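A look at the structure
This is what each chain is made of:
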Amino acid sequence: MVQYGDCPIHIGKGAFKKLKDHLKNRQNKKYGIFILVDENTGKYCLPVLLNQVSLLKNAEIIEIESGEEHKNINTCIALWNILSGKNVNRDAVLINLGGGLISDLGGFVATTFKRGIEFINIPTTVLAQADAATGGKTGVDLNLHKNEIGVFKLPSMVIIYPDFLKTLSRRDFFSGFAEIIKHALIADANYWKKIRQAQRTDEKGMLNVIRQSIVIKSTIVEKDPLEKGLRKILNFGHTIGHALESHFLGKPGVRLLHGEAVAAGIICESYISYQAKKISQVELNQITSFICSLYKHIPFKRKEEKKLIQFMQHDKKNRGADINFTLLAAIGKAEINKTCSVDVIKASFGFYHKLYQMSYV
Ligand SMILES: NC(=O)c1ccc[n+]([C@@H]2O[C@H](COP(=O)([O-])OP(=O)(O)OC[C@H]3O[C@@H](n4cnc5c(N)ncnc54)[C@H](O)[C@@H]3O)[C@@H](O)[C@H]2O)c1
Ligand SMILES: [Zn+2]
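Every value quoted in this text rests on a predicted model; they were computed, and no experiment measured them.

Remarks on the pairing of strand 3 (residues 33-38)
When you tally the buried positions in strand 3, you get 6 out of 6 residues, the bulk of the element. The pairing of strand 3 with strand 5 (residues 93-98) spans 4 bridges and is parallel. Bridged to leucine 36 within strand 5 is asparagine 96. The sheet contact formed by strand 3 and strand 4 (residues 60-64) spans 5 bridges and is parallel. Within the sheet, the bridge partner assigned to leucine 36 lies in strand 4 and is isoleucine 62.

Shown next, in the form of structure tokens:
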């Protein structure tokens, strides 16, 4: 178990026992249990959960559609209406069974409904197990701006059951792996060595990797829960990553996953770190060759630069007119509140395309 603030994070097969004990302790309260799923976690993960925790067999299931385009206030309104229509009171608990979308959105809905009902996160993707389900950031997107509306609120517990990952698509698996790469680069050079050897098929190895990511994230978040300073190191790769994600969210028919955008963001922001003379050419090459071996090129054109920069200028981490970056000071070490010129940002896009031997026009 990893303890973060008042939120225990139970990992492995024994985790469901902790959930059962927790629910039993609440049983004399008159309350409803709701489980939030999307169509995939409803199909693949819910039967496993109900089988493991029979007490949940009478829980009410709420299903929403998967996809970042549904992470918005309209979906929240639909959920608030369901809870309100069922006369749910503050003794209720919402169990978020799914990826980062379910825990971000479900956490926000629970925290704001009647000024807050309890919620529990049971993450089912690599991304959510290693990152999104812990740390207390909840929220939704607004007008293509990522996580524009939201609150900090910890779940009452997090249950990490790695077997859920068996049904995850290869694409979603690697999307989540980008956050693990980020954790290693910002906090732990040895971990960086280890993840470069991690095999998707080696379950024990993957479990260790996820556990180490949880420890890195929890340690950082515990010191700075509201992101006043240190926690910003977790935003490495996300200034450019979120801009790409927002930009592609607005393009019908193109689907870019959060972690894929972050992987490209890590390449560009490593390049900016190199240009600021913070990391060496050797370090830059090591980072970019690993990421290029795992992630496909994201095609965007020079004429889209302006739009991308506009998204970055809107970023909530900015202070004043400057775009705020977290940069690498070395592999395993990050520095917050750095800025760079728009020309260097544009040069990082050119560098990104060149790496993949793509023209940038
Ligand atoms: N709160 C935070 O600290 C934080 C951190 C990182 C990312 N995020 C957010 O997380 C979201 C991305 O999370 P994600 O990648 O988990 O996305 P997601 O929740 O959209 O899940 C990805 C896909 O996997 C499917 N899926 C989930 N579990 C499955 C399983 N076990 N088997 C088969 N399919 C499964 C889902 O239905 C979905 O289609 C983004 O909105 C991002 O902004 C939040
Ligand atoms: Zn992220």
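Some details on the packing of helix 13 (residues 305-313) against helix 14 (residues 342-355)
Their axes nearest at 11 Å, the elements helix 13 and helix 14 cross at an angle of 120 degrees. Accordingly, the angle class assigned to the pair helix 13 and helix 14 is oblique. Note on packing geometry: the crossing formed by helix 13 with helix 14 is right-handed. Listed contacts from helix 14 to Glu305, Leu308, Ile309 and Met312 of helix 13 are Val342, Ile345, Lys346 and Phe349.

A few points about the coordination of the zinc ion (ligand 2)
Geometry reference: four tetrahedral donors at a metal, ideal angle 109.5 degrees. Six octahedral donors, ideal angles 90 or 180 degrees. Distances from the zinc ion (ligand 2) to its protein donors, Glu179 (OE), His238 (NE2) and His258 (NE2), fall within 1.9 to 2.1 Å. One chain supplies every donor for the zinc ion (ligand 2), spaced along it as E-x58-H-x19-H. On the criterion of sequence distance, the pair formed by glutamate 179 in helix 7 (residues 170-187) and histidine 238 in helix 10 (residues 238-249) is long-range, its members being 59 residues apart. Residues glutamate 179 and histidine 238 agree in their burial class; the two are buried.

Let's talk about the domain arrangement of the protein chain
Under the domain assignment, the protein chain is made up of domain 1 (2-167) and domain 2 (171-355). The gap between the C-alpha centroids of domain 1 and domain 2 is 26 Å. At the interface, 29 residues of domain 1 touch 35 residues of domain 2. The three residues of domain 1 that bury the most area against domain 2 are Val126, Leu144 and Lys146, which together make up 21% of that side's buried surface. Connecting domain 1 to domain 2 are 4 salt bridges. Lysine 146 is the salt-bridge partner of glutamate 245, the closest N and O atoms lying 3.0 Å from each other. At the surface where domain 1 touches domain 2, the tally comes to 8 residue pairs in polar contact (both at pLDDT 80 or more). Among the secondary structure elements, those contributing two or more residues to the side of domain 1 that touches domain 2 are strand 1 (2-4), strand 2 (7-11), helix 6 (126-132), strand 7 (137-142) and strand 8 (145-152). Sort the elements by how many residues they give to the side of domain 1 that touches domain 2 and helix 6 lands first, with 6 residues. For the side of domain 1 that touches domain 2, the class distribution of residues is 13 nonpolar, 7 polar and 9 charged.

Digging into the packing of aromatic side chains
Going through the model one piece at a time under the given rule, you end up with 14 aromatic pairs. Plain terms: the ring middles of tryptophan 80 and phenylalanine 108 are 6.1 Å apart, the flat faces sit at 55 degrees to each other, and that makes the pair tilted. One end of the pair, tryptophan 80, is in helix 4 (residues 73-85); the other, phenylalanine 108, is in helix 5 (residues 100-112), with 28 residues separating them in the sequence. A residue is classified by how much of its surface remains accessible, and phenylalanine 108, at 6% relative accessible area, is buried. Three or more aromatic residues joined by ring pairs make a cluster, and in this case those are Phe173, Phe174, Phe177, Trp192 and Phe290.

Notes on the packing of helix 10 against helix 11 (residues 258-275)
Closest axis-to-axis distance for the helix 10/helix 11 pair is 7 Å, and the angle between their directions is 135 degrees. Comparing the axis directions of helix 10 and helix 11 gives the class oblique. Helix 11 is crossed by helix 10, and the crossing has right-handed handedness. Only His258, Ala261, Val262, Ala264, Gly265, Cys268, Glu269 and Ile272 of helix 11 make contact with helix 10, whose side of the interface consists of His238, Thr239, Ile240, Gly241, His242, Leu244 and Glu245. Considering only residue class, the contact of helix 10 with helix 11 consists of 7 nonpolar, 6 polar and 2 charged.

Overview of the nonpolar core
Ranked by size, the top nonpolar core spans 69 residues in total, and within it Ile181 and Ile195 carry the most contacts. With 9 residues, helix 7 is the single largest residue contributor to this core. Counting contributing residues per domain, this core is built from domain 1 (2-167) and domain 2 (171-355), each supplying no fewer than three. When sequence neighbours within four positions are dropped, the list of residues in contact with isoleucine 195 reads Phe177, Ile180, Ile181, Ala184, Val209 and Phe290. Counting residues in each nonpolar core, the second largest holds 23 residues, with Leu49, Ala59, Leu97 and Tyr161 among its members.

Remarks on helix 14
The terminal C-alpha atoms of helix 14 lie 20 Å apart, and with 14 residues this matches the ideal 20 Å at 1.5 Å per residue to within 8%. All of the buried residues along helix 14 are Ile345, Ser348, Phe349, Tyr352 and His353. All buried residues of helix 14 project into a common sector of 135 degrees when viewed along the axis, lining one side. Of the exposed residues in helix 14, the ones pointing more than 90 degrees away from its buried face are Asp343 and Lys354. Looking at the buried side of helix 14, the elements it contacts are helix 10, helix 11, helix 13 and strand 10 (325-330). Glutamine 357, located one to two residues past helix 14, shows a positive phi value of around 55 degrees.

Quick notes on the rules
Residues numbered from 1 in each chain as written. Chains lettered and ligands numbered in written order. Predicted model: local features only at pLDDT ≥ 70, side-chain atom pairs only at ≥ 80, totals over all residues. Heavy atoms only, no water. Buried < 20%, exposed > 50% of the residue type's maximum accessible area, 1.4 Å probe, protein only. Helix = DSSP H or I, 4+ residues; strand = E, 2+ residues; numbered from the N terminus. Pairing = 2+ DSSP bridges. Axes fitted to C-alpha atoms, helices over the stretch in contact; angles between N-to-C directions. Parallel < 35°, antiparallel > 145°, perpendicular 65-115°, else oblique. Left-handed = near helix turned anticlockwise from the far one by under 90°. Contact = heavy atoms within 4.5 Å. Donors = N, O, S within 2.8 Å, 3.2 Å for Na, K, Ca; no water. Domains from an automatic or database assignment. Buried area = accessible area lost by both parts, 1.4 Å probe. Salt bridge = Lys/Arg side-chain N within 4 Å of Asp/Glu carboxyl O. Polar contact = N/O pair within 3.5 Å; in protein donor to acceptor, adjacent residues only side chain to side chain. Nonpolar A, V, L, I, M, F, W, Y, C, P; charged D, E, K, R; others polar. Phe/Tyr/Trp six-rings, centres within 6.5 Å; stacked < 30°, edge-to-face > 60°. Core = buried A, V, L, I, M, F, W, Y, C linked by side-chain atoms within 4.5 Å. Expected span 1.5 Å × (residues − 1). Arc of directions from axis to C-beta.

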